[in-house]
Amino acid sequence: PVTDDCWLRYEEVTDERRHEAYRTYCANAYVSVGAPELGAVRDELRRGLGEILGRTPHLWQHPPRSADGFLAVGTPEEMQVIHDSVVVDAVDALADGGFHVKATEWEGANVLVVTASTDRGLVYGTFHLLRHLSLGRPLDGLDVFEEPATADRFVDHWDNPFRRSVERGYAGLSLFDVETLPNVDERYVEYARLLASVGVDGLVVNNVNTEIPDRPSANDAMSELGGWRLLEPRYLEKLAALASVFRRYGIRLALSVNFGAPERLGGLDTADPNDEAVERWWAEKATEVYEYVPDFAGFLVKADSEGQPGPYDYDADHVDGANVLARALEPHGGRVWWRAFVYGSHSDRAVQQHETFEPLDGAFHDNVTVQVKNGPIDFQPREPVSPVFGQMPETDLALELQITGEYTGQHVHACYHVPMWKEVLEFDTDPEGHGRRVADLLTEAGSGLAGVGGPGDDPNWTGHYLAQANLYGYGRLAWDPDLDTATVTDEWVRQTFGHDPEVVETVTDVMHDSWPAVVDYSTGGLGLMHMMYNGEARLENHYDPAPGEWPGYTGATADGIGRDRNARGNGYAQQYPEALAERYDDPETCPEELLLFFHHLPWDHTLDDGRTVVQTLYDNCFAGVAAARDLRDRWDSLDGRVDEQRFRHVAERFDEQVVQAERWCRTLTAFFYEHSGVPDEHGRVPADD
Ligand code: BDP
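Bear in mind the structure is a predicted one, so any value in this text is a computation, not a measurement.

## What about the overall build of the protein?
Now for step 1: A tally of regular secondary structure across the protein gives 21 helices and 18 strands.
Now for step 2: Computed over the C-alpha atoms, the radius of gyration of the protein is 26 Å, within 12% of the 26 Å expected from 2.2 N^0.38 for a compact globule of 689 residues.
Now for step 3: Taking all 689 residues of the protein together, the buried fraction comes to 54%.
Now for step 4: Within the protein, contacts between residues separated by at least 24 positions form 71% of all contacts whose residues are at least 6 apart in sequence.

See the structure below:
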C-alpha cells in the first residue's frame, strides 16, 4: 500500500474454528443508514471484515432472513432486532461515544449486536468489534459495555499549513494541504480511521505558534507565518471540507488561534480582551466559523508564551483572555483550550505555571479548559507531574502529553511513551487528602487530554514504525486512563505485527524497555533534564547532547550537581500539597529518579545502595547504552519473521540509535567528570580517546 495501515491491518484469521464463528456472525451485516457516521461504519466493515474473513461481507438494509447468523449495527430505536436483544435503558444511559456489543440469538439466528445511544458510539463499537476479531478473541458470550472515561480526546497538530511544515514533526510534511483543499485527499480519510479506531474525538489542525515570535528564537524557523489567516472565509471553506471527512468518524475540528487576531486580521487597533470592539469581533468571528463548520469544537490558544501575543500585552490576565473567547464560542457550544505553558518571568520556568494559574482557579468560564503539560518543564524524558494538577479544583484541566518524540529521540530512537504516561495518570496529586490521581481528575471533570504532534505525510505516518504505538497508546489511554500498559502494548503489537509468539514477545519487550533506555543515556536517570542543544547555538534541535549549554538545568558545579527546587532553594517543591512537598523536600525521601531535579547534591552524596551520585550517573549512562544495544539485537533477531520493509527500516533506526546513545553517554559522562573530577570506578571515565 502507498500508506501503511498501522494497527488496522486486519489480517485474515487463521484458526479454523474462529474463522467459522466469525463467518457465522459477520459474513452478513445489517447496518442502519442515514447519519454520516454510518457511512464510515459500512466502509470499515466492508474493509475490516473483508480482510479478516477473507471475503467481502454482504451489507443489508434489513435483517437477512436466509442467513443463520448476522451482525446488526444501529440504535435500538431504529432496529427491531436490537431493540429486542438489549436492555434499551442501559444503552440509552451510555455517555456520548459509549457502545454495547453483544452476541445473542434472535428469531432462531445467531446475532451479534453493535449498538449505542449516539452515531459516534456506533463508530467506536464497530472499531471495538474489529479489534476484538483482529485479536482473535471468541465471540460466544460476548457482552461488553464501554464508554469513554473522558470528554475530550484531542490530537493537537503543530502543523503550519501555510508552510506545510510541522513543528517538532519527524514524519515529513503536514498531512493537511491548504493548496488543494477543499479537494479531499484520501489520506484524510485514512487518518480519520486511525484516530477514530482508538477513540480520538477531536483534532486541532494547526500549530499553537500562529506567528513568528517577536523575540529572537529558533522557533522562528518552525512557527507558522500568519496562522491567524486560517480564520478568513476562504480558509474556513477548506476547513469545512476537512471537517466533513472527520465528522463521519465522530471527530470534531478545532483551530489554534492567534490572540492578536482582532488586530492582525480584523484591522482593529487593539486585541485587548476587555475592549468592546474586540469582544464583538470574536463573537462575530465565532458565528462565521460555525456557519462553515456547524460542529466546530473550539479554539486552542498559546498566549503570552514564547513570543506569542496574549492578554499581558494589554494589561489583562489569562482569565480575561480566555473568557472573551469563551463568551464568543458559548452560544455555539464551542470550547476554549487555554494553554498553561507560560514562562519567562523566573530564572527557573518550573516555578511559574502554578504561580500564574492556581490563583485564577474558579474564574474561568465553564467552557474553558486550562491545558497543562504533564510536567513543569517541557516534555522531557522524565519530569515530576505538574503541581497544577489537583490544585485547581474549580477549573476544567486537560492533560497535555506529547505524542511526538521531541526530546525522546525524534523518531530515530525507539521510545514508547505509554509507560511514562501511565506514571503521570497514576500519580496521586494529594496522597494525604482524597487520594486523587491525575486520571481521576481528568475523568471527574469530564475534561480530557490533548496529545501533541500528529502524523505527517510519511508513508508510515510517524517516521518510525514503532512510534505508531505512541499514537495508538495515546488514544487508548485517553479513552480509558485505567488501561494498563501491558494491555495496550499487547493490543498494538498483535494488530500491527500479528500473532507469531516470538514476534509478539520480542516486540513487546522492546517496547517496554525502550523508554528506560532513553532516560538512562540521555539524562543519567536521577532527574536531570534538558541537556540537549537548544536555542540560538544551533538550529534548535533538542536531539544532540549539549549538557553545558544551559547550566541552569543541570546545576553542575565543582562541588555537586542538581537544582535546589526545595525549601532551601526556589521553593518549587512547596507548590505541592504538604505530603508531596515533604517527600520531595528531603533527599532521603525524594524518589531517586527525580533526586537532582529537586536537589543540588555533592558528587559524593551516597544513595540508598551505597553508590555515590556521580558513580550512579556514570552507571546509568552506560546502562542506557547497553540497553540500546540490546534493543537493537533483539529487534535483529526478528529478521525473516517481520516483513522486510518494516524489519529493515526499524533495524536501521536502531543502528543509528546505538551510535547516538554512545554519543550521549560519552558527552554526559565527560561533563560529569569535568565538573566533579571523580573518575569512574570501572575505569570508563575519563575515556581513553
Ligand atoms: C516546546 C517546543 C516548542 C513549542 C513549545 C510549546 O520546543 O517548539 O512551541 O513547546 O509547547 O516543547 O508551545
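Let us keep going from here.
## A few points about the sheet that holds strand β3 (residues 69–73)
Now for step 1: Taken in spatial order, the six strands line up as β2-β1-β3-β5-β4-β6 in an open sheet, and their pairing is mixed. Each end of this open sheet is capped by a strand with a single partner; those strands are β2 (58–60) and β6 (143–146). Sheet twist, expressed as the mean angle between neighbouring strand axes with direction ignored, is 20 degrees.

## Considering the site of the ligand
Now for step 1: Taken together, Glu167, Arg168, Val208, Asn209, Asn219, Lys302, Glu306, Phe341, Asp378, Phe379 and Glu406 make up the full set of residues adjacent to the ligand.
Now for step 2: Grouping the constituent residues of the shell around the ligand by class yields three nonpolar, two polar and six charged.

## A closer look at the packing of helix α2 (residues 36–53) against helix α5 (residues 119–134)
Relative placement of two packed helices is described by the angle separating their axes and the distance separating the axes.
Now for step 1: The N-to-C vectors of α2 and α5 enclose an angle of 5 degrees; their axes lie 9 Å apart at closest approach. The angle between α2 and α5 falls in the class roughly parallel. Within the contact between the two elements, α2 uses Glu37, Leu38, Ala40, Val41, Glu44, Leu45, Gly48 and Ile52 and α5 uses Asp119, Arg120, Leu122, Val123, Thr126, Leu130, Leu133 and Ser134.
Now for step 2: Here the contact of α2 with α5 is built from residues that sort into nine nonpolar, three polar and four charged.

## Some words on the nonpolar core
Now for step 1: Residues Leu71, Ala72, Leu195, Leu203, Leu253, Leu325 and Val336 are the most contacted members of the largest nonpolar core, which totals 206 residues.
Now for step 2: The dominant element in this core, judged by the number of residues it contributes, is helix α20 (residues 613–636), at 10 residues.
Now for step 3: Beyond its immediate sequence surroundings of up to four residues, Leu253 is in contact with Leu203, Val205, Leu239, Leu242, Ala243, Phe246, Val293, Phe296 and Ala297.

## Points about the domain arrangement of the protein
Now for step 1: When its domains are assigned, the protein resolves into domain 1 (16–146), domain 2 (152–497) and domain 3 (518–563 + 600–676).
Now for step 2: The gap between the C-alpha centroids of domain 1 and domain 3 is 49 Å.

## Structural notes on the UniProt feature "domain: Alpha glucuronidase N-terminal" (unreviewed entry) in the protein
Now for step 1: Residues annotated by UniProt as "domain: Alpha glucuronidase N-terminal" (unreviewed entry) correspond here to residues 6–129.
Now for step 2: End-to-end, the C-alpha atoms of residues 6–129 are 17 Å apart, and along that stretch the chain is 41% helix and 23% strand.

## A look at the sheet that holds strand β11 (residues 252–256)
Now for step 1: Strands sit in the order β7-β10-β11-β12-β13-β14-β15-β16 around a closed barrel of eight strands; the barrel is parallel. Neighbour-to-neighbour, the strand axes of the sheet open up by a mean angle of 25 degrees, direction not taken into account.
Now for step 2: Two elements, strand β14 (residues 368–373) and strand β15 (residues 396–402), share five bridges in a ladder whose sense is parallel. From the neighbouring strand, Val372 faces β15, where its bridge partner is Leu399.

## A few points about the environment of Gly298
Now for step 1: You can see Gly298 is positioned in strand β12 (residues 298–301).
Now for step 2: C-alpha of Gly298 to C-alpha of Gly54: the two residues are 244 residues apart in sequence and 42 Å apart in space.
Now for step 3: Discounting chain neighbours no more than four positions away, the residues touching Gly298 are Ala254, Leu329, Gly334, Arg335, Val336 and Trp337.

## Regarding the pairing of strand β7 (residues 152–156)
Now for step 1: Burial analysis of β7 places five of its five residues in the buried class, the great majority of the element.
Now for step 2: On β7, burial covers both faces: Asp152, Phe154 and Asp156 on one face and Arg153 and Val155 on the other are all buried.
Now for step 3: Here five bridges tie β7 to strand β16 (residues 448–452), and the two strands are oriented parallel to one another. Paired with Asp152 across the two strands is Gly448, which belongs to β16.

## Observations regarding unusual backbone geometry
Now for step 1: Here the residue pair Leu181 and Pro182 is connected by a cis peptide bond, since its omega of 5 degrees sits within 30 degrees of zero.
Now for step 2: You can see Pro182 is positioned in the loop between β9 (165–166) and α6 (186–197).
Now for step 3: Here the amide bond leading from Val685 into Pro686 is cis, since omega sits at 0 degrees, within 30 degrees of zero.
Now for step 4: Its place among the elements puts Pro686 in the segment after α21 (644–676).
Now for step 5: A positive phi is found at Glu306, a non-glycine position, where the angle reads about 50 degrees.
Now for step 6: Within the secondary structure layout, Glu306 lies in the loop between β12 and α10 (318–329).
Now for step 7: Exposure remark for Glu306: the 16 C-beta atoms within 10 Å place this residue in the partly exposed category.
Now for step 8: Phi at Asp315 takes a positive value of approximately 55 degrees, unusual for a residue other than glycine.

## Structural notes on the packing of helix α15 (residues 485–497) against helix α16 (residues 501–523)
Now for step 1: The interhelical angle for the contact between α15 and α16, taken along N-to-C directions, is 130 degrees, at an axis separation of 10 Å. Between α15 and α16, the crossing angle belongs to the class labelled oblique. Regarding α15 and α16, the two cross each other, and that crossing is right-handed. The segment α15 lies against α16, with Thr489, Asp490, Val493, Arg494 and Phe497 engaging Val503, Val504, Val507, Thr508, Met511 and His512.
Now for step 2: Grouping the amino acids of the contact of α15 with α16 by side-chain chemistry returns six nonpolar, three polar and two charged.

## A short note on the pairing of β12
Now for step 1: Taken together, the three bridges between β11 and β12 define a ladder with parallel strand orientation. From the neighbouring strand, Ala254 faces β12, where its bridge partner is Gly298.
Now for step 2: In terms of strand pairing, β12 meets strand β13 (residues 335–339) through four bridges, oriented parallel. Counterpart to Val301 in the pairing with β13 is Trp338.
Now for step 3: Between β12 and its parallel partner β13, the chain crosses via α10, and the hand of that crossover is right-handed.

## Overview of α16
Now for step 1: Taking 1.5 Å per residue as the helical rise, α16 with its 23 residues ought to reach 33 Å, and the 34 Å between its terminal C-alpha atoms agrees with that figure.
Now for step 2: If you look at α16, its biggest bend is around 35 degrees, right at Ser514, and the proline Pro516 turns up within four residues after that.
Now for step 3: After α16 finishes, the residue Gly524 shows a positive phi value of roughly 85 degrees.

## A look at the environment of Arg252
Now for step 1: One can find Arg252 in strand β11.
Now for step 2: As for Arg252 and Glu505, which are separated by 253 residues in sequence, their C-alpha atoms are 37 Å apart.
Now for step 3: Ignoring sequence-local partners within four residues, the contact set of Arg252 consists of Asp201, Gly202, Asp295, Phe296 and Ala297.

Cut-off values and rules
Residues numbered from 1 in each chain as written. Predicted model: local features only at pLDDT ≥ 70, side-chain atom pairs only at ≥ 80, totals over all residues. Helix = DSSP H or I, 4+ residues; strand = E, 2+ residues; numbered from the N terminus. Rg over C-alpha atoms; globule rule 2.2 N^0.38 Å. Buried ≥ 20, exposed ≤ 12 C-beta atoms within 10 Å, placed from the backbone. Contact = placed C-beta atoms within 7 Å. Pairing = 2+ DSSP bridges. Axes fitted to C-alpha atoms, helices over the stretch in contact; angles between N-to-C directions. Near = placed C-beta within 6 Å. Nonpolar A, V, L, I, M, F, W, Y, C, P; charged D, E, K, R; others polar. Parallel < 35°, antiparallel > 145°, perpendicular 65-115°, else oblique. Core = buried A, V, L, I, M, F, W, Y, C linked by C-beta atoms within 7 Å. Domains from an automatic or database assignment. UniProt positions renumbered as here; feature names shortened; annotations may be inferred. Left-handed = near helix turned anticlockwise from the far one by under 90°. Right-handed = clockwise from strand over helix to strand, strands pointing away. Expected span 1.5 Å × (residues − 1). Bend = angle between axes of the 7 residues up to and from the residue.

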